[in-house]
Amino acid sequence: MTTWDNSIEKYLVGEEVNPALANGLINNQKALHEVNWAINRYTGAEANWSTTSTVYNTPVGSPTPNPLSVTITTTGAPITVIFQGVFQGSAAGYAFFTLLQEDDAYDKDDPQNWPHYFNAGTRPATMHLAKLFPNMPAGTYTFTAYAWINSGITTLSLLSVYRPFILAIEGN
Amino acid sequence: MTWTQHSTQNDNSVLTAAILNQMNDNVVHLKSAFQFYGYTETAPITTTATSFTSMGANYETTLTPTPGATYLCMLMGAGRVSGDGNIMRFDLEIAGSIQGDPTRGIAAFAGVSNAGTLTTNPYRMINVWWIVNGLAQVSTTFKWMWMVSAGTGTFAGTSWGRPVIREL
């Protein structure tokens, strides 16, 4: 993957062609085209993550990565994070889901934390989360999918066989 | 506009009109990169297939991937499956290779018999996402696939959704 370079200088009026500038422009075009993204997609043997937590927490289990998270390095651009996974409750009831950046505090007023009702807990339900992190200074960041139960459900499982993934895309 | 990778510029290289125009074409490509929107249907489609099968021509597209490009694939719509507890599954086939588990796919939705005010077996929002890169620069077909464990699955892309394959 080609890495975006913030340090490209600008041409000055009347300046002769500068290979460093021309190549920087070419490099950055290529970086935009190739797109900086990172994904953790589970493709291993069947072994689910699960949680019995009633406060925000990560489903954990034997699959790797544990918990399901993704790390990406940005040169200072917005990051979009997308999660897809199939969950199953132990019974009908409510569960909550969100995406959090490492060291973020849980915000109960975040719309991402609105509850999802599992009509029939023992049946699979596909869950999607997407969140834009708009103001990210240059650096490396880890994002994690969180899920926790509220009422009715005692154990919430994230089913590995459906190849859940968490995806981070840098840039607009 | 096709993406073209530039050659490296060196000292004493001459920036020609061809090179500058190519760079401009690449910017245009970045702005307008390939996007496929399916859907010309006038009614919901159904399936009783119990193994993965194509959702039909409106959910398929063929393209020659651009070198280095990443493709975001999305299926959006509404659907339902008859029979309490029957499961409708979705997957994506790229160049003849199914991306998820061959029997369970990458997304699943169960039929439910709702008590209360909702009707039995209601339509629900269905989204399925996938991302892929590193594809060979040969004619490549993307096919959205579906199946049911039993019963009849229905997908309404008509007014509520459509499949998308787009180059990022």
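Residues numbered from 1 in each chain as written. Chains lettered and ligands numbered in written order. Predicted model: local features only at pLDDT ≥ 70, side-chain atom pairs only at ≥ 80, totals over all residues. Heavy atoms only, no water.

Caption draft 1: Spatial organisation of the overall build of chain A. If you tally the helices and strands in chain A, you get one helix and 11 strands. For chain A, the N- to C-terminal ordering of α and β elements is α-β-β-β-β-β-β-β-β-β-β-β. Relative to a compact globule of 172 residues, whose C-alpha radius of gyration would be 16 Å, chain A shows 20 Å and is clearly more extended. Put simply, chain A has 172 residues, and 50% of those count as buried. Once local pairs closer than 6 in sequence are excluded, the contacts in chain A between residues at least 24 apart make up 79%. Accessible area of chain A: about 8100 Å², with a carbon and sulfur share of 51%. Of note, chain A has its 7 positive side-chain charges centred 13 Å away from the centre of its 13 negative side-chain charges. (Helix = DSSP H or I, 4+ residues; strand = E, 2+ residues; numbered from the N terminus. Rg over C-alpha atoms; globule rule 2.2 N^0.38 Å. Buried < 20%, exposed > 50% of the residue type's maximum accessible area, 1.4 Å probe, protein only. Contact = heavy atoms within 4.5 Å. Areas by Shrake-Rupley, 256 points an atom, 1.4 Å probe, with all protein chains shown as cover. Lys, Arg positive; Asp, Glu negative; His and termini not counted. Charge placed at Lys NZ, Arg CZ, Asp CG, Glu CD.)

Caption draft 2: Examining the pairing of strand 6 (residues 93-101) of chain A more closely. Residue and element names in this part refer to chain A. In terms of burial, strand 6 is a largely internal element, eight of the nine residues being buried. Two strands pair when backbone bridges link them, and strand 6 and strand 7 (residues 115-118) are joined in this way by four bridges, in the antiparallel orientation. Note that in strand 7 the partner of Tyr94 across the bridge is Tyr117. With eight bridges connecting them, strand 6 and strand 9 (residues 139-151) associate as antiparallel partners. Within the sheet, the bridge partner assigned to Phe97 lies in strand 9 and is Ala147. (Pairing = 2+ DSSP bridges.)

Caption draft 3: Up close: the interface of chain A and chain B. Facing the 35 residues of chain A at the interface are 45 residues of chain B. Buried area between chain A and chain B, summed over both chains or domains, comes out near 3300 Å², and the portion from carbon and sulfur atoms is 62%. Among the residues of chain A in contact with chain B, Gln29(A), His33(A) and Tyr162(A) are the three that bury the most area, contributing 21% of the side total. On the surface where chain A and chain B come into contact, there are zero salt bridges. Counting the contacts that link chain A with chain B gives 13 residue pairs in polar contact (both at pLDDT 80 or more). (Buried area = accessible area lost by both parts, 1.4 Å probe. Salt bridge = Lys/Arg side-chain N within 4 Å of Asp/Glu carboxyl O. Polar contact = N/O pair within 3.5 Å; in protein donor to acceptor, adjacent residues only side chain to side chain.)

Caption draft 4: Up close: the pairing of strand 5 (residues 79-89) of chain A. All names here are of chain A. Burial analysis of strand 5 places nine of its 11 residues in the buried class, the great majority of the element. Inspection of the sheet shows strand 5 paired to strand 8 (residues 125-133) by nine bridges, in the antiparallel sense. Note on strand 8: the bridge partner recorded for Gly85 is Met127. One ladder, built from six bridges, connects strand 5 with strand 11 (residues 165-170); its direction is antiparallel. Within strand 11, the position partnered with Phe83 by the bridge is Ile166.

Caption draft 5: Layout of helix 1 (residues 17-32) of chain B. Its 16 residues give helix 1 of chain B an end-to-end C-alpha distance of 22 Å, which sits within 8% of 22 Å, the value for a rise of 1.5 Å per residue. For helix 1 of chain B, the secondary structure elements touched by its buried residues are helix 1 (19-34) of chain A together with strand 12 (163-167) of chain B. (Expected span 1.5 Å × (residues − 1).)

Caption draft 6: Highlighting unusual backbone geometry. A positive phi angle is found at Arg163(A), which is not glycine, with a value near 55°. Considering the arrangement of structural elements, one finds Arg163(A) in the loop between strand 10 (156-158) and strand 11. Notably, Ala95(B) is not glycine yet its phi reads approximately 50°, a positive angle. When you line up the elements, Ala95(B) lands in the loop between strand 6 (87-94) and strand 7 (97-98).

Caption draft 7: Inspection of the packing of aromatic side chains at higher detail. Counted according to the given criterion, the structure contains 11 aromatic pairs over all chains. Ring centres of Tyr42(A) and Trp49(A) lie 5.3 Å apart, and the angle between their planes is 75°; on these two criteria the pair is classed as edge-to-face. Tyr42(A) gets classed as buried once you look at its relative accessible area, which sits at 8%. Clustering of aromatic rings is evident, with ring pairs tying together Tyr59(B), Phe90(B), Phe109(B), Trp146(B) and Phe155(B). The lysine or arginine in question, Arg41(A), covers the ring of Trp130(B), its NZ or CZ lying 4.0 Å from the ring centre. (Phe/Tyr/Trp six-rings, centres within 6.5 Å; stacked < 30°, edge-to-face > 60°. Lys NZ or Arg CZ within 6 Å of the ring centre and 35° of its normal.)

Caption draft 8: Local environment of the side chain of Glu167(B). Within the secondary structure layout, Glu167(B) lies in strand 12. No salt bridge is formed by the buried Glu167(B). Its closest oppositely charged neighbour is Arg166(B), at 8.2 Å. Within polar-contact distance, the side chain of Glu167(B) engages the side chain of Thr66(B) at 3.3 Å. If sequence neighbours within four positions are ignored, Glu167(B) has contacts with His33(A), His29(B), Ala33(B), Phe34(B), Thr66(B), Ala69(B), Thr70(B) and Tyr71(B).

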